[in-house]
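# Structural characterization, general
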Amino acid sequence: DNICVIGLGYIGLPTSGIFAQAGANVHGVDIDENVVDTLNKGNIHIEEPGLAEVIKESVASGHLTAGTTPKQADVFIIAVPTPVYDDQTANVTYVEKATRNILPYIKKGDTIIVESTIPPRTIYDNVAPILTNEGWDLDNNDLYLSHCPERVIPGKIMTELKENTRIVGGYTEEAATKAADVYRRVVSGDIFETTALTAEMSKLMENTYRDVNIALANELAKVSAKLNVNAHDVIHLANMHPRVNIHQPGPGVGGHCIAVDPYFIIEKAKDISPLMQTAREINNSMPDFVVSQVDKLTKNISNPKVAVLGLTYKGNVDDVRESPAIDIVFKLTNNKKYYDVACHDPHVKEQQVPLRLSSLEEALEQADVALVLADHNEYKEMDTSVFAKHMNTPVVLDTRNCLPASDGKTLIHPIGNLSG
Ligand code: SAJ
């Protein structure tokens with residue numbers, strides 16, 4: 001099979017590698033020439049465990065090539081971003097553009113799969129018309145169009161791509177079956193066939209469920225501050241119940257999926273989605289809550305120094321997109337109270353962020369509070385005596401509840417109740 005993958009980001013690149021590794025001839029397409037050049041040399045431009053090896057091997061074997069324009073293929077997979085506009089509605093123009101870009105290369109009987117996350121009805125209302133306007137009869141399967149939402153979690157993409165179940169939503173029943181055949185080549189999990197619209201909604205509801213659940217945990221963290229109880233203990237014990245699964249509170253919800261996808265449903269049903277909207281508001285309010293907790297911890301100190309540990313949107317990734325940590329750093333530096341902020345993140349390179357990065361020791365040196373914002377393994381396995389060794393006052397706000405126990409000299413607060 002010849003497969004053409006449009007978009008070589010967090011989803012398109014691993015997907016290309018996995019199909020190439022399974023023996024398909026894959027041509028990856030990206031508008032960014034650097035990404036294409038890097039790939040053609042067998043290298044990668046993002047951090048994801050296990051990805052580098054697969055790409056190196058696939059390029060070396062000749063199964064994977066890259067370019068800035070598509071090529072003829074039997075299967076086209078579109079994996080381009082769907083960002084949100086300032087008014088929180090989805091920008092599907094990259095998906096539309098990718099569809100237009102493949103028009104010169106498609107032939108009768110080809111399979112076209114959109115993996116990008118899209119608002120409900122996008123396949124019917126935005127993608128299909130681009131193809132039918134060119135004379136392709138989708139109802140009669142001139143082309144097999146489907147939506148197969150990606151569902152892999154950054155940090156475990158290479159295993160989840162193979163092992164997760166997949167939902168394939170066809171424009172027609174036959175299109176769903178064709179897409180299922182494509183994935184069967186690499187996926188060991190079950191593949192469920194449905195309509196494009198149901199696939200769009202299912203994907204969005206997975207992430208919305210998580211957003212609402214995290215909002216509940218975050219609200220509990222705020223309530224715990226008032227009631228003087230440790231939210232983590234409450235969640236731990238409540239989750240012992242076989243039908244309860246409260247998620248973890250934290251500094252906010254980041255990344256390009258959970259913090260964004262609920263808006264794709266909300267925009268289509270604004271008047272009847274108060275729960276989803278409130279969840280978004282609660283999660284978006286967490287950076288302010290964290291800053292208010294830092295204010296409390298430093299109330300008697302003038303010009304306090306805050307050591308920020310972790311800038312990414314979650315642990316063990318290098319992704320700072322929509323990261324609440326970055327938001328918190330700017331809220332601290334633009335605060336009416338003067339904060340001296342030093343940042344450390346072992347996964348982030350300085351060119352990724354508009355901030356100066358320090359070594360861990362440099363960040364902690366003379367700090368009044370350390371603020372843990374990402375649960376990287378480096379912090380989970382940290383020797384907690386380092387705080388007292390360097391800090392002015394060894395006080396830590398661990399918003400991720402990830403640090404090992406204190407060495408006895410350091411006061412480690414959970415998010416919420418500051419009495420520890
Ligand atoms: N977070 C919490 N508390 C939790 C869990 C997460 O505060 O209990 C925060 C994280 O720190 C992070 C954000 O939420 O800032 C999202 O992280 P995540 O690990 O929950 O999810 P993502 O965004 O990395 O990936 C999600 C996944 N969706 C689900 O688990 C339902 C993934 O499977 C999807 O493929 C991905 O979105 C996507 O691309 O849609």
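Remember, predicted model here, so these are calculated numbers, not experimental data.

If you tally the helices and strands in the protein chain, you get 16 helices and 13 strands. In terms of C-alpha radius of gyration, the protein chain reaches 23 Å, essentially the compact-globule figure of 22 Å for 420 residues. In terms of principal-axis extent, the alpha carbons of the protein chain reach across some 70 × 50 × 40 Å. Relative to its 420 residues, the protein chain shows a buried fraction of 48%.

Glancing now at helix 1 (residues 12-21). Where burial is concerned, most of helix 1 is hidden: ten out of the ten residues are buried. When helix 1 is considered as a whole, its buried residues turn out to be Gly12, Leu13, Pro14, Thr15, Ser16, Gly17, Ile18, Phe19, Ala20 and Gln21. Contacts from the buried residues of helix 1 go to strand 1 (2-6), strand 2 (25-29), helix 3 (51-60), strand 3 (64-67), strand 4 (75-78) and helix 6 (157-163). Looking at the residues trailing helix 1, positive phi occurs at Gly23, about 105°.

The subject of this paragraph is the site of the ligand. Taken together, 20 residues surround the ligand, and among them His247, Gln248, Gly250, Gly255 and Cys257 come closest. Taken together, the residues that form the shell around the ligand break down as eight nonpolar, seven polar and five charged.

In terms of residue burial, strand 7 (residues 166-170) counts as a mostly covered element, since five of its five residues are buried. Of the strand pairs in this sheet, strand 6 (residues 144-147) and strand 7 are connected by two bridges, and their pairing is antiparallel. The partner of Ser146 across the bridge, within strand 7, is Gly170. In terms of strand pairing, strand 7 meets strand 8 (residues 191-195) through five bridges, oriented parallel. Each residue of the ladder has a partner; that of Ile167, found in strand 8, is Phe192. After leaving strand 7, the chain enters helix 7 (residues 173-184) and then returns to the sheet as strand 8, a path that is right-handed.

Here the focus is the sheet that holds strand 10 (residues 340-344). Across the sheet, five strands lie side by side as 10-9-11-12-13; this open sheet has parallel pairing. In the strand order of this sheet, the two ends are held by strand 10 and strand 13 (411-414), each with one partner. Between one strand axis and the next, the sheet turns through 20° on average, direction left out of account. As defined by bridge partners, strand 12 (residues 395-398) adjoins strand 13 across four bridges and the pair is classed as parallel. What sits directly across from Val396, in strand 13, is Ile412.

Another point: the UniProt feature "domain: UDP-glucose/GDP-mannose dehydrogenase C-terminal" (unreviewed entry) in the protein chain. The positions that UniProt labels "domain: UDP-glucose/GDP-mannose dehydrogenase C-terminal" (unreviewed entry) are, in the present scheme, residues 307-405. Structurally, residues 307-405 comprises 25% helix and 16% strand, and the distance from its first C-alpha atom to its last is 19 Å.

What follows deals with the domain arrangement of the protein chain. Domain boundaries in the protein chain define domain 1 (2-194), domain 2 (204-284) and domain 3 (286-414). In this structure, domain 2 and domain 3 have C-alpha centres spaced 23 Å apart. With 14 residues of domain 2 at the interface, the matching set in domain 3 holds 19 residues. Secondary structure elements with two or more residues in the side of domain 2 that touches domain 3: helix 8 (196-227) and helix 9 (231-238).

Conventions we followed
- Numbers given to residues run from 1 along each chain, matching the order in which its sequence is written.
- Given that the model is predicted, a residue must reach a pLDDT of at least 70 before its local features are reported, and side-chain atom pairs must reach 80 or more before they are shown or counted; all residues, however, enter totals for whole chains, interfaces and linings.
- Helical segments are the DSSP runs of H or I of at least four residues, strand segments are the runs of E of at least two, and each set is numbered from the N terminus.
- For the radius of gyration, the atom set is restricted to C-alpha positions; the globular benchmark scales as 2.2 Å times the number of residues to the power 0.38.
- Using C-beta atoms placed from the backbone, we call a residue buried if 20 or more other C-beta atoms fall within 10 Å of its own, exposed if 12 or fewer do, and partly exposed for counts in between.
- With C-beta atoms placed from the backbone, a contact is any residue pair whose C-beta atoms sit within 7 Å.
- Only the C-beta atom matters for nearness: placed from the backbone, it must lie within 6 Å of the molecule or strand for the residue to count as near.
- The classification used treats Ala, Val, Leu, Ile, Met, Phe, Trp, Tyr, Cys and Pro as nonpolar, Asp, Glu, Lys and Arg as charged, and all other residues, Gly among them, as polar.
- When DSSP finds at least two bridges between two strands, those strands are taken to pair.
- Looking down the strands as they point away from you, a crossover is right-handed if its path from the first strand over the helix to the second goes clockwise.
- Interaxial angles span 0 to 180 degrees and are taken between N-to-C directions of axes, which are lines fitted to C-alpha atoms, for helices over the stretch in contact.
- UniProt positions are given in the numbering used here, feature names are shortened, and annotations may be inferred rather than shown by experiment.
- For the purposes of this description, domain bounds are those given by an automatic or database domain assignment.

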